[in-house]
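Fold and geometry: a report
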Amino acid sequence: MLGLRKLTIAALLASVAGAVAGFTVNLPSVDLGGGVMGQLDSVAAPSYPVAAAAGVFEMWPSLQFEVNGGALPAPSYGFSTLRKRDNTSGAIQPESTPDGGAFRIVCATSHLGFFDPIVYPPVGGVGYPKKSHLHNFFGNSDISELTAPTTQLATVGRSSCVGGIANRSAYWVPAVVDTTTGFPVIPYANIVYYKNESAYRKANLTAVTVPPADLRIIAGNPANTSTTLGNTYRWECPLGQNFSATIPGAGCANGSDVQLIVFFPQCWDGVNLDSANHQSHMAYENPSTGCPGTHPVMIPQISYNIRYKVSASARPENWRLASDTYALGYAAGGLSAHGDWWNGWNSSVLTQMVQGCLHASLNCHAHLLGLTPNETLY
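Residues numbered from 1 in each chain as written. Predicted model: local features only at pLDDT ≥ 70, side-chain atom pairs only at ≥ 80, totals over all residues. Heavy atoms only, no water.

Here V258 shows up in strand β13 (residues 257-263). You can call V258 buried: its relative accessible area is 0%. Separated by 21 residues in sequence, V258 and C237 place their C-alpha atoms 4.9 Å apart. The contact partners of V258, leaving out residues within four places of it in the chain, are W235, E236, C237, P248, C252, I306, R307, Y308, V310, P316 and W319. (Helix = DSSP H or I, 4+ residues; strand = E, 2+ residues; numbered from the N terminus. Buried < 20%, exposed > 50% of the residue type's maximum accessible area, 1.4 Å probe, protein only. Contact = heavy atoms within 4.5 Å.)

Here six strands make up an open sheet; going across it, the order is β12-β13-β17-β10-β4-β20 and the pairing mixed. Strands with a single pairing partner mark the edges of an open sheet, and in this sheet they are β12 (233-236) and β20 (363-366). Neighbour-to-neighbour, the strand axes of this sheet turn through a mean angle of 15°, independent of strand direction. Where strand β10 (residues 189-195) and strand β17 (residues 301-309) come together, seven bridges link them in antiparallel fashion. Considered in β17, the bridge of K195 is made with Q301. On the sheet, helix α3 (residues 347-358) packs against β4 (102-107), β10 and β20 and is oriented at approximately 135° with respect to β4. (Pairing = 2+ DSSP bridges. Axes fitted to C-alpha atoms, helices over the stretch in contact; angles between N-to-C directions.)

Moving on: the confidence of the model for the protein. Summing up the model confidence of the protein, the mean pLDDT is 82 and the portion of residues at 70 or higher is 79%. Contacts from residues 15-64, a stretch scored under 50 in pLDDT, to residues over four places away or in other chains number 108 contacts. (pLDDT = per-residue confidence, 0-100.)

This part takes up unusual backbone geometry. A cis amide bond, omega -5°, links C237 with the succeeding residue P238. In this structure, D214 is a non-glycine residue whose phi angle is positive, near 70°. The residue D214 is located in the loop between α2 (199-203) and β11 (216-220) in this model. Positive phi, normally seen in glycine, also occurs at N242, with a value near 55°.

One finds F103, I105, Y171, Y194, W235 and Y308 to be the most contacted residues of the largest nonpolar core, which totals 64 residues. For this core, the leading source of residues is α3, giving six residues. The contact partners of Y194, leaving out residues within four places of it in the chain, are A102, F103, I105, Y171, P300, Q301, I302, W341, W345, M353 and L358. With nine residues, the next largest nonpolar core counts I118, F137, W172 and I218 among its residues. (Core = buried A, V, L, I, M, F, W, Y, C linked by side-chain atoms within 4.5 Å.)

It is worth spelling out the sheet that holds strand β6 (residues 135-139) at this point. Read across the open sheet, the five strands follow the order β5-β6-β7-β19-β11; overall the sheet is antiparallel. Looking at which strands have only one partner, the edges of the open sheet turn out to be β5 (109-113) and β11. In this sheet, neighbouring strand axes are inclined to one another by 20° on average, regardless of whether the strands run parallel or antiparallel. Taken together, the five bridges between β11 and strand β19 (residues 338-342) define a ladder with antiparallel strand orientation. Paired with G220 across the two strands is H338, which belongs to β19.

Here we come to the side chain of S303. Along the chain, S303 falls in strand β17. Judged by its relative accessible area of 2%, S303 is buried. In this view, S303 contacts I191, V192, Y193, K195, I261, V262 and F263; residues no more than four positions away in its chain are not counted.

Looking now at the state of the cysteines. All chains considered together, the criterion is met by four disulfides. Note that C107 is cross-linked by a disulfide to C161, the S-S spacing being 2.0 Å. On the sign convention where negative is left-handed, the bridge of C107 and C161, at about 100° about the S-S bond, is right-handed. Of the two residues, C107 is situated in strand β4 and C161 in the loop between β6 and β7 (170-174); the sequence distance between them amounts to 54 residues. Between C267 and C291 runs a disulfide, and the two sulfur atoms are separated by 2.1 Å. Here C267 and C291 share a disulfide; its torsion about the S-S bond, -85°, makes the bridge left-handed. Of the two residues, C267 is situated in strand β14 (residues 267-268) and C291 in the loop between β15 (282-283) and β16 (297-298); the sequence distance between them amounts to 24 residues. We classify C267 as buried; its relative accessible area is 0%. Here the protein pairs its bonded cysteines, counted in sequence order, in the arrangement 1-2, 3-4, 5-6, 7-8. (Disulfide = S-S within 2.5 Å.)

This is the structure in structure tokens:
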């Protein structure tokens, strides 16, 4: 086993992929609801469909192309246990140049669905499947069109993230669709960052607070058609290069990664866990002066780093987001990029991460939690 201080993103990507794909651990009996106990079955990880499948669903609103709903992969339910252990390799060492603190967690795709429980919550216990465009979900694998706003997410469901139910948060973005087949393109990981990066945060480390349970945030605008790169998302290929407002095209080599990064607002109004437009209870900070007076509560800077593998049969010039409803000839896909985040962290683990990594200005790499004794998710 690698020393925990030396665990890399690559190693943990392999770890979570193997664990979620093959369930390399024997999961215990779990409460499946209503006091019924059962054993979790092994479920294959999502993969590209190998042949056309029945059941073509039009995406909503459908203007340009269809999504083959029959091609959706089976869910990967992930873990039903909290996976945290002592870091026996010694204390986390601070970076030579403190970066304000950072923590990362890797999550595999859990499931896909034509629903959005923040934008289209159930009413009277009735959900609204197929009302939304197709989404790719990570983390809480039990979130669905029936998940009500009153749900205490940290207490329900399984998780496709490293750490298992230490993090039952739900993360989702519009699915990438190959317009030549109608098949969804499944990312191989979402690396979620929680960090302090701005100059203000680095000078005021303890100003960042633990996000409240069930805080819900949407970043980006699914109606966007501007090709000007803004501050809510960007596309990259190769990683860390060629930043763009649209999905990279023919210049993205086979074997490389296309990455979508979604940047969430960092300032909360301190009162509302959601708002009518799902955005006004949050605001972006000023990097020099911090949060505005209307949204004074500073939470970690959250970003998604979602990676899609390019191959001869999966070419990004053919990709669109399921939420891209502008004309195919207008621009490349990806202008409608956005993301949803619903906090379902175990409160003690999240507090440990904020205090042990962000307040201490430590780069906790992937899943080291800081504090004494140092612990890691796995």
